[in-house]
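Chain residues, written in single-letter form:
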Amino acid sequence: MKLVIAIFSNKDLSKVLAVTGAEGFFSTRISTAGQFLEGGHTTVLFGVEEEKVEELFGIIEKNVTKRVLRQKGVESTIEGSLLKKPVDVEEFGAVAFVIDVEQFRKL
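Since the structure is predicted, the reported quantities are computational estimates derived from the model, not experimental observations.

Rules behind the numbers
Sequence order sets the numbering: in each chain, residues are counted from 1 along the sequence as written. With the structure being a predicted model, the display of local features is reserved for residues of pLDDT at least 70 and the display and counting of side-chain atom pairs for 80 or more, all residues being used for whole-chain, interface and lining totals. Hydrogens and water molecules were not included; the side-chain quantities draw on all heavy atoms of the structure. We call two strands paired when DSSP finds no fewer than two bridges between them. By definition, any uninterrupted DSSP run of H or I lasting at least four residues is a helix, any uninterrupted run of E lasting at least two residues is a strand, and each is numbered from the N terminus. To define axes, lines are fitted to C-alpha atoms, for helices over the stretch in contact only, and angles between the resulting N-to-C directions are given on a 0 to 180 degree scale. The contact rule is simple, with two residues in contact once any of their heavy atoms fall within 4.5 Å. Every case where a carboxyl oxygen of Asp or Glu lies within 4 Å of a side-chain nitrogen of Lys or Arg is listed as a salt bridge. Type-normalised accessible area, obtained with a 1.4 Å probe on protein chains alone, sets the label of each residue: buried when under 20%, exposed when over 50%, and partly exposed for intermediate values. Working definition of a nonpolar core: buried Ala, Val, Leu, Ile, Met, Phe, Trp, Tyr and Cys residues. They are joined through side-chain atoms within 4.5 Å.

## Topic: the sheet that holds strand 3 (residues 41–48)
Part 1: The four strands lie next to each other as 2-3-1-6, forming an open sheet whose pairing is antiparallel. Pairing within the sheet leaves two strands with one partner each, and these edge strands are strand 2 (27–32) and strand 6 (94–100). The average angle at which neighbouring strand axes cross in this sheet is 20°, direction not considered.
Part 2: Examined bridge by bridge, strand 1 (residues 2–9) and strand 3 share eight bridges and lie antiparallel to one another. For K2, the partnering residue across the bridge sits in strand 3 and is V48.
Part 3: Set on the sheet, helix 1 (residues 10–22) makes contact with strand 1, strand 2 and strand 3; between it and strand 1 the angle comes to about 140°.
Part 4: Sitting on the sheet, helix 2 (residues 53–62) is in contact with strand 1, strand 3 and strand 6, with an inclination near 5° to strand 1.

## Digging into the pattern of salt bridges
Part 1: The full count for this structure, using the stated rule, is two salt bridges.
Part 2: Here K2 and D100 are joined by a salt bridge, their closest N and O atoms 2.0 Å apart. Of this pair, K2 sits in strand 1 while D100 sits in strand 6, placing them 98 residues apart in sequence.
Part 3: The exposure class assigned to K2 is buried, which follows from its relative accessible area of 13%.
Part 4: Judged by relative accessible area, which is 58%, D100 ranks as exposed.
Part 5: The salt bridge partner of K52 is E55, with a shortest N-O separation of 3.7 Å.

## Focus on the nonpolar core
Part 1: Core analysis: the biggest nonpolar cluster contains 14 residues, and V4, F8, F25, F46, V48, L56 and I60 have the highest contact counts within it.
Part 2: For this core, the secondary structure elements donating two or more residues are strand 1, helix 1, strand 3 and helix 2.
Part 3: Here this core takes four residues from helix 2, the largest share from any one element.
Part 4: If near-sequence neighbours (up to four positions away) are discounted, F8 is found in contact with L13, V16, G40, H41, T42, V44, F46, I60, V64, G93 and A94.

Any functional reading would require information that these geometric values do not contain.
So, in structure tokens, the structure goes:
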């Protein structure tokens, strides 16, 4: 058993949850906030059999969108700094972690 922890943009979340649920992948979502990108993100936990992890990743990859966002620069106390100028930032469709699960129980 594996625990897949995936972080999605809220722009893709409804579609991903609908498709993964229809394919039999059950999940729990947790509202989260990042440090740099705006617009909201949600962390989703999937409990998955090891042989189904790649299938889940394939479904996720087909249902998220990579975006390039224009973000205002960070605040700085440095005089004359270029840090306040807008920059283009790539927002990945999803970021995921896979963790081994030693034991799983429904109580």
